[in-house]
Amino acid sequence: QVELVESGGGLVQAGGSLRLSCVACGATFIRYAMGWFRQAPGKEREFVASIEKNGDSTLYADSVKDRFTISRDNAKNTVLLQMNSLKPEDRAIYSCAREFRGSGSGRPSHYDFWGRGTQVTVTS
């Protein structure tokens, strides 16, 4: 069984930064790409970023490009999301997920395990 546990969420003012972490337990981490998604109240889940299994290739949603950076530490089974220049519209529950193809994707159907998420709130 795979378990994904996120941390690092919180309350921050617009323009501030947060760094989210996701630790994966119970699987060979390096075999899989990882992604971050978010869901704001009353909205559908939205792709944020993904990173392929070796960390050489990343993919970002247009809304976060140039502000967010995804990275991974395969020795620690951890994927990170550095979020800079945060905006009130970034407020959401952020969840990490395992992408089973290994290459990274923006499609939720390509992900088979999900964490419970961590809340990010940005005040104006």
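Notes on the structure follow. (Residues numbered from 1 in each chain as written. Predicted model: local features only at pLDDT ≥ 70, side-chain atom pairs only at ≥ 80, totals over all residues. Heavy atoms only, no water.)

Further remarks concern the side chain of Thr-118. Among the secondary structure elements, Thr-118 is positioned in strand β11 (residues 118-123). The class of Thr-118 is buried, set by a relative accessible area of 11%. There is a polar contact of 3.1 Å between the side chain of Thr-118 and the backbone nitrogen of Gly-9. (Helix = DSSP H or I, 4+ residues; strand = E, 2+ residues; numbered from the N terminus. Buried < 20%, exposed > 50% of the residue type's maximum accessible area, 1.4 Å probe, protein only. Polar contact = N/O pair within 3.5 Å; in protein donor to acceptor, adjacent residues only side chain to side chain.)

Time to look at the pattern of salt bridges. Using the criterion set out here, one finds six salt bridges in the structure. The salt bridge involving Arg-38 is made with Glu-46; its shortest N-O contact spans 2.8 Å. When its relative accessible area of 32% is taken as the criterion, Glu-46 is described as partly exposed. Here Arg-98 and Asp-112 are joined by a salt bridge, their closest N and O atoms 2.8 Å apart. In this pair, Arg-98 is assigned in strand β9 (residues 92-99) and Asp-112 in strand β10 (residues 111-114), connecting sequence segments 14 residues apart. Residue classification places Arg-98 among the buried residues on the basis of a relative accessible area of 8%. When salt bridges that share partners are traced, they join Arg-38, Glu-46, Arg-67 and Asp-90 into one network. (Salt bridge = Lys/Arg side-chain N within 4 Å of Asp/Glu carboxyl O.)

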